Amino acid sequence: MSLTREQRQLIAEGNRRCTTCREIKSTNDFYRCGGMCRECRAAYKRRWKAALNENQRRSLMLREKYNIEQSDYEALLSAQNGRCGICGATEPGGRWGCSFHVDHDHSCCPGKTSCGKCVRGLLCASCNTAIGSLGDDPNRLMAAAASLIQRQDVLTSLAEETP
């Protein structure tokens with residue numbers, strides 16, 4: 001199918017034609033490489049991921065998000081004796097409760113993905129949420145621990161004073 005005069009003019013003005021939906025769109029609607037527009041690429045990726053089994057999906061997520069392989073995850077879990085790296089829980093907990101969370105240094109990789117070199121270990125959902133809520137800041141974590149200890153000491157002394 002040949003392009004109309006209007007379509008050729010739009011392309012000449014810097015727009016591109018998607019190889020999937022065949023629509024002419026702004027260059028902002030495309031990734032730098034490839035001929036699919038962002039919308040078609042997202043739909044393609046959703047269909048492709050839906051065709052994967054659970055193990056394949058998990059491996060893909062570990063690779064895309066944390067830049068580690070399933071074997072790396074298993075090695076971390078084995079090194080931690082199948083437990084959370086902070087509290088030692090044997091169950092990951094959380095919404096799905098099927099696997100421990102991969103903890104990585106957000107100062108190294110501030111986005112939602114990791115380079116893989118800054119992975120610190122595996123955490124249960126509660127510990128992951130706790131350190132995330134404290135901004136992965138050791139000073140805030142130590143201050144929180146000191147506060148808990150101080151308040152516990154106060155409660156203990158009050159309980160001992162009560163007849």
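Higher on the page you've got the structure.
It should be emphasised that the depicted structure is a prediction, and the values quoted were computed from it without experimental measurement.

Peer 1: Honestly, the state of the cysteines in this entry has me stumped. Any pointers?
Peer 2: Here a disulfide denotes a covalent bond joining the sulfur atom of one cysteine to the sulfur atom of another. Scanning the entire structure with this criterion turns up zero disulfides. We note that C109 lacks a disulfide partner, and the nearest cysteine sulfur, in C118, lies 3.6 Å from it. Here C109 falls in the buried class, since its relative accessible area comes to 11%. The closest cysteine sulfur to the non-disulfide-bonded C124 is located on C127, 3.7 Å from its own sulfur.

Peer 1: Explanation requested: the nonpolar core in the structure shown.
Peer 2: Here is a general trend for soluble globular proteins: nonpolar side chains tend to be buried in one another's company. With 14 residues, the main nonpolar core has L62, I68, Y73, C84, F100, V102 and L122 as its most contacted residues. Every element with two or more residues in this core is listed here: α3 (54-66), α4 (70-79), β4 (119-123) and α5 (125-133). Looking at this core element by element, the count peaks at three residues for β4. Aside from chain neighbours lying at most four places away, what touches C84 is A89, F100, L122, L123, C124 and C127.

Peer 1: Where do I start with the environment of T19 in this structure?
Peer 2: Looking at where T19 falls in the secondary structure, it is placed in the loop between β1 (16-17) and β2 (24-25). With relative accessibility at 51%, the residue T19 sits in the exposed group. The spatial distance from the C-alpha of T19 to the C-alpha of G35 is 5.4 Å, given a sequence separation of 16 residues. Once residues within four sequence positions are removed from consideration, T19 is found in contact with G35 and M36.

Peer 1: I would appreciate a short explanation of the pattern of salt bridges in the present structure.
Peer 2: Where side chains of opposite charge bring their charged atoms close, a pairing between them can arise. The full count for this structure, using the stated rule, is six salt bridges. In this structure, D103 engages R120 in a salt bridge whose closest nitrogen and oxygen atoms are separated by 3.0 Å. One end of the pair, D103, is in strand β3 (residues 101-104); the other, R120, is in strand β4, with 17 residues separating them in the sequence. Shared partners join several salt bridges into a network, and the residues in it are K45, K49 and E64.

Peer 1: Explanation requested: the pairing of β4 in the structure shown.
Peer 2: Along a regular strand, successive side chains alternate from one face of the sheet to the other. The buried count for β4 comes to four of five residues, which makes it a mostly enclosed element. By the bridge criterion, four bridges tie β3 to β4 in an arrangement that is antiparallel. Residue pairing across strands places H104 opposite V119, the latter belonging to β4.

Peer 1: Which parts of the structure should I look at to understand unusual backbone geometry?
Peer 2: Among all residues except glycine, the phi angle is most often negative; among peptide bonds, the trans geometry is most common. Phi is positive for N81, which is not a glycine, with a value near 55°. Along the chain, the position of N81 falls in the loop between α4 and β3. For N81, a relative accessible area of 64% gives the class exposed.

Peer 1: Would you mind showing me how to read the packing of aromatic side chains here?
Peer 2: Each aromatic ring pair is characterised by the separation of its centres together with the angle its planes make. Considering all chains together, one arrives at zero aromatic pairs under this definition. In this structure, R38 packs its charged tip against the face of Y31, placed 4.3 Å from the ring centre. The side chain of R58 reaches across the aromatic face of Y73, ending 4.6 Å from its centre.

Peer 1: For this particular structure, what's the right way to read the side chain of S99?
Peer 2: Among the secondary structure elements, S99 is positioned in the loop between α4 and β3. Within the local environment of S99, its side chain forms a polar contact with the side chain of R58, the two groups lying 3.5 Å apart. Each residue touching S99, except ones within four places of it in the same chain, is listed here: R58, Y73 and P92.

Calculation criteria
- Residues numbered from 1 in each chain as written.
- Predicted model: local features only at pLDDT ≥ 70, side-chain atom pairs only at ≥ 80, totals over all residues.
- Heavy atoms only, no water.
- Disulfide = S-S within 2.5 Å.
- Buried < 20%, exposed > 50% of the residue type's maximum accessible area, 1.4 Å probe, protein only.
- Core = buried A, V, L, I, M, F, W, Y, C linked by side-chain atoms within 4.5 Å.
- Helix = DSSP H or I, 4+ residues; strand = E, 2+ residues; numbered from the N terminus.
- Contact = heavy atoms within 4.5 Å.
- Salt bridge = Lys/Arg side-chain N within 4 Å of Asp/Glu carboxyl O.
- Pairing = 2+ DSSP bridges.
- Phe/Tyr/Trp six-rings, centres within 6.5 Å; stacked < 30°, edge-to-face > 60°.
- Lys NZ or Arg CZ within 6 Å of the ring centre and 35° of its normal.
- Polar contact = N/O pair within 3.5 Å; in protein donor to acceptor, adjacent residues only side chain to side chain.

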